[in-house]
Every structure is written in structure tokens, then in C-alpha cells.
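# Structural characterization, general
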Amino acid sequence: MRINKFLAYSGVASRRAADELINDGVVKINGKVCSLGDDVDVSSDKVTVNGKPVNVVKKYDYYIMNKPKGYVCTVKDDKGRKTVMDLLPTNAKRLFPVGRLDYDTEGLLILTNDGELTYKLTHPKNEVPKTYLVKTEKPVSDEDLSKLRSGVYIDGVKTKKCNVRLVESYKDGAKLHVTISEGKNRQVRKMFEAVGNCVDFLKRIKIGDLTLTGLDRGEVRQLNAREIDYLLNL
Ligand code: URA
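Residues numbered from 1 in each chain as written. Predicted model: local features only at pLDDT ≥ 70, side-chain atom pairs only at ≥ 80, totals over all residues. Heavy atoms only, no water.

### What to know about the overall build of the chain
Of the regular secondary structure elements, the chain holds 6 helices and 15 strands. Taking 234 residues into account, the globule formula puts the C-alpha radius of gyration at 17 Å, and the chain, at 19 Å, falls close to it. Taking contacts inside the chain between residues at least 6 apart in sequence as the whole, the part at least 24 apart equals 62%. Here the chain displays about 12,500 Å² of accessible surface, and carbon together with sulfur accounts for 47% of that area. Positive and negative charge centroids in the chain, built from 42 and 32 side chains respectively, lie 1 Å apart. (Helix = DSSP H or I, 4+ residues; strand = E, 2+ residues; numbered from the N terminus. Rg over C-alpha atoms; globule rule 2.2 N^0.38 Å. Contact = heavy atoms within 4.5 Å. Areas by Shrake-Rupley, 256 points an atom, 1.4 Å probe, with all protein chains shown as cover. Lys, Arg positive; Asp, Glu negative; His and termini not counted. Charge placed at Lys NZ, Arg CZ, Asp CG, Glu CD.)

If you want it as C-alpha cells, here you go:
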């Protein structure tokens with residue numbers, strides 16, 4: 001098995017984060033620093049990360065959280081801010097958040113130690129749709145709606161076609177549902193900035209068909225078998 005896949009499988013990190021660990025030179029196979037393309041014989045090779053042995057985790061855990069704003073989506077924050085890990089039950093195993101929601105963004109977040117699922121949900125090639133509730137500072141014109149739908153330039157790259165539904169429009173703002181299948185950094189906020197607007201409130205309300213039903217802000221629960229099966233087969 002390819003080393004990055006093995007690390008993802010073992011619950012050490014997502015596949016992309018595993019690549020970073022490998023590039024950092026902290027991953028060894030049988031005592032030798034490995035590189036990105038190396039393979040592991042799961043039955044005989046000894047893998048370590050920062051000197052600690054890695055074993056394949058047999059059973060994965062899957063949690064869904066309604067992330068409040070004011071929490072960072074990392075396992076540990078350099079600046080000492082609260083992280084989503086602080087909201088997990090104390091008996092939760094070593095998990096990592098699937099993708100990122102900004103500090104100021106709330107809503108649906110999955111946490112797991114299943115690196116393959118993380119890869120599946122976050123890699124742009126898989127185009128898993130994520131839906132956001134957006135409230136803007138200013139009204140959104142029809143022209144802006146069509147620009148947002150067909151793609152706008154953020155950091156010099158055009159966003160893919162996406163679904164934008166105007167839910168409500170008022171004198172000094174608008175409420176919309178935006179469904180994107182890419183995951184560029186701060187994408188939704190930057191898309192609205194690209195049309196001269198500003199996002200006041202942002203909440204992820206869906207990943208695929210998975211919703212936050214029954215989960216209040218800050219609450220977290222384990223996914224049930226049906227939900228896990230749904231995500232694994234997306
Ligand atoms: N888009 C953003 O701008 N922020 C998020 O947290 C998620 C998507």
C-alpha cells in the first residue's frame with residue numbers, strides 16, 4: 001500500500017496532510033526516511049511518524065458537529081484559540097476534522113480517523129457538493145447572481161459553475177443558499193467579495209444530502225450506520 005494511503009488508513013492524518021508529513025521527513029519505513037511514492041508492506045514493514053509506531057486502525061469513528069463560530073478547525077492552534085476538538089466528548093478517539101470551516105463560519109463539520117473518507121470528501125476531483133447558508137451585507141443583483149453561478153475569479157483562478165439560490169432579499173442584504181463542489185480557501189466569502197459584496201454570516205448546512213437536523217449549535221454526535229454508509233458511497 002502506498003505510504004500516504006497507509007497513513008490515512010491508519011488514522012494518522014488525511015492523505016494530503018500525510019504527504020506533508022512525508023515531505024517533512026518525519027515518516028520512516030523500517031527506520032529509513034521514506035518519500036512520497038514509497039510502498040508499505042502492511043504485514044511486515046514497521047512505520048513510524050516522529051519516532052512513534054503506526055498501526056492500522058481497524059475501526060473508524062465518525063462524528064458530525066454543528067460548529068459554532070469562534071472555533072478553529074485544527075487539532076491544535078498555535079495562537080491558543082479554542083479548537084473544534086474542545087467540543088468533542090472526552091472519550092472520543094484521536095480524530096481529525098474533514099476539511100476546514102473558517103473561525104467565523106459555523107455549521108456542518110465531520111470529524112473522523114478514516115483518512116480515506118477525508119480524502120474522498122475533500123479532494124476537488126470528487127466534487128462532493130457542500131451547501132452554505134449565506135447572509136450578505138448588501139443586496140445581490142440578478143447580474144451578480146449569474147456571475148456567481150457561472151464563476152468568478154478568486155486569486156486569479158475562476159471558480160467552477162455552482163448553484164446559487166436567492167432565498168430572501170431585503171433592503172440592506174440578502175439570504176442565499178450556495179452549493180459548491182470545490183473547496184478553495186475561504187471560497188464562499190471570496191466569491192461574494194469578487195462581486196463587491198461581503199458575507200456577514202456563513203453556515204454550512206449540507207454535505208451531499210447530509211444535514212444538521214437535530215443538532216444545535218456546538219452539539220456533536222456520532223454518525224449512524226446509514227449516514228456512514230451514505231458518505232462512504234458518495
Ligand atoms: N467558504 C468560506 O468562505 N468559508 C468557509 O468556512 C467555508 C467555505
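Having put the structure on the table, let's press on.
### Let's talk about the pairing of strand β5 (residues 62–67)
For β5, a buried count of 6 out of 6 residues is recorded, marking the element as mostly surrounded by other parts of the structure. A two-sided burial pattern is seen for β5, the buried positions comprising Tyr62, Ile64 and Asn66 on one face and Tyr63, Met65 and Lys67 on the other. As judged from the 6 bridges shared by β5 and strand β7 (residues 106–112), these two strands associate in the antiparallel manner. Bridge pairing links Tyr63 to Leu111 in β7. Where β5 and strand β15 (residues 220–222) come together, 3 bridges link them in antiparallel fashion. Within β15, the residue paired with Tyr63 across the bridge is Gln222. (Buried < 20%, exposed > 50% of the residue type's maximum accessible area, 1.4 Å probe, protein only. Pairing = 2+ DSSP bridges.)

### Considering the site of the ligand
The ligand sits among Leu101, Asp102, Thr105, Tyr132, Arg186, Gln187, Val188, Arg189 and Leu202. In the environment of the ligand, an oxygen atom lies 3.0 Å from a nitrogen or oxygen atom belonging to the side chain of Thr105. Within the backbone of Arg186, an N or O atom sits 3.2 Å from an oxygen atom of the ligand. Within the complex, 96% of the 240 Å² of free accessible area of the ligand lies under protein. Take the shell around the ligand: its biggest share by element is 3 residues, from helix α5 (residues 187–194). Across the shell around the ligand, the residue classes tally to 4 nonpolar, 2 polar and 3 charged. (Near = heavy atom within 4 Å. Polar contact = N/O pair within 3.5 Å; in protein donor to acceptor, adjacent residues only side chain to side chain. Nonpolar A, V, L, I, M, F, W, Y, C, P; charged D, E, K, R; others polar.)

### Brief notes about a nonpolar patch on the surface
On the surface, Met1, Tyr9 and Val42 cluster together to form a nonpolar patch covering roughly 230 Å² of accessible area. Positionally, Tyr9 belongs in helix α1 (residues 3–9). (Patch = residues over 30% accessible without salt bridge, like charges linked within 9 Å, V, L, I, M, F, W, Y side chains within 5 Å. Salt bridge = Lys/Arg side-chain N within 4 Å of Asp/Glu carboxyl O.)

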